[in-house]
Amino acid sequence: MACTMTWELSSTDATLLMPDGTNYTDPEGKTKSVKTPVLSTVKVYIYNDKVVKYEIDELQSKPYISTARGSSTPNIDENGYVTGVTWKWNEMTKRELEYGYNMENASPQGEWYIQAINLENYWLENGEPVDDEALTSVTIHYDVYTKLAKQALENAKEGIIGA
């Protein structure tokens, strides 16, 4: 069995955190969101020239107000505004978190990893990754995953195996 993987680094909005993990509030008392890196991946498993499995995953990060090296004082200026941010990758991907991602209560289609599996199965049933608006078994945004899966298939056709 061969496996090819494609990935994309993008960003999403996330609430800015203090070094201790609590939400930062600016001098006006508002929480702030900043662009935060996200790594999306799709693996395609091929056996005897046939796709036998897709595997979608995503690794998110969190933005923290940074501190000077050796200090525990956050980089906030005299007016209370942030002057430095550090992004830390989560220890586990959404797929690894399973129910720990806590999307199940927010979506009638269930937890993120279940929706990813539904999407992977849908692609297998349809013979290729498709962006089909009729797909009602997921609420996750899957346009990036579809693009990555198509690229992984192209890579496999060209003999590019791996990441």
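Residues numbered from 1 in each chain as written. Predicted model: local features only at pLDDT ≥ 70, side-chain atom pairs only at ≥ 80, totals over all residues. Heavy atoms only, no water.

1. Looking at helix H2 (residues 112-126)
Reasoning step 1: The end-to-end C-alpha distance of H2 is 21 Å, a good match for the 21 Å that 15 residues give at a rise of 1.5 Å each.
Reasoning step 2: For H2, every residue scored as buried is listed here: Trp112, Tyr113, Gln115, Ala116, Leu119, Glu120, Tyr122 and Trp123.
Reasoning step 3: Contact partners of the buried residues in H2: strand S2 (33-47), strand S3 (50-65), helix H1 (94-97) and helix H3 (143-157).
Reasoning step 4: Two residues or fewer past H2, Gly127 is found with a positive phi of approximately 85°. (Helix = DSSP H or I, 4+ residues; strand = E, 2+ residues; numbered from the N terminus. Expected span 1.5 Å × (residues − 1). Buried < 20%, exposed > 50% of the residue type's maximum accessible area, 1.4 Å probe, protein only. Contact = heavy atoms within 4.5 Å.)

2. Re a nonpolar patch on the surface
Reasoning step 1: A contiguous nonpolar patch, built from Met1, Tyr47 and Val52 and spanning about 340 Å² of accessible area, is present on the exposed surface.
Reasoning step 2: Summarising the element assignment, Val52 is placed in strand S3. (Patch = residues over 30% accessible without salt bridge, like charges linked within 9 Å, V, L, I, M, F, W, Y side chains within 5 Å. Areas by Shrake-Rupley, 256 points an atom, 1.4 Å probe, with all protein chains shown as cover. Salt bridge = Lys/Arg side-chain N within 4 Å of Asp/Glu carboxyl O.)

3. Observations regarding the pairing of S2
Reasoning step 1: Note that strand S1 (residues 2-15) and S2 share 14 bridges and pair antiparallel. Note that in S2 the partner of Thr15 across the bridge is Ser33.
Reasoning step 2: Here S2 runs beside S3; their pairing, made up of ten bridges, is antiparallel. Paired with Val38 across the bridge in S3 is Gln60.
Reasoning step 3: In this antiparallel pair of consecutive strands, S2 and S3, the connection spans two residues, and Asn48 shows a positive phi of 50°. (Pairing = 2+ DSSP bridges.)

4. Some words on the pattern of salt bridges
Reasoning step 1: Evaluated as defined, the whole model comprises eight salt bridges.
Reasoning step 2: Lys43 is paired through a salt bridge with Glu55; the nearest N and O atoms lie 3.9 Å apart. Of the two residues, Lys43 is situated in strand S2 and Glu55 in strand S3; the sequence distance between them amounts to twelve residues.
Reasoning step 3: Between Arg95 and Glu120 there is a salt bridge whose closest N-O contact spans 2.7 Å. Note that Arg95 is positioned in helix H1 and Glu120 in helix H2, a separation of 25 residues in sequence.

These results come straight from atomic positions and should not be treated as a statement about function.
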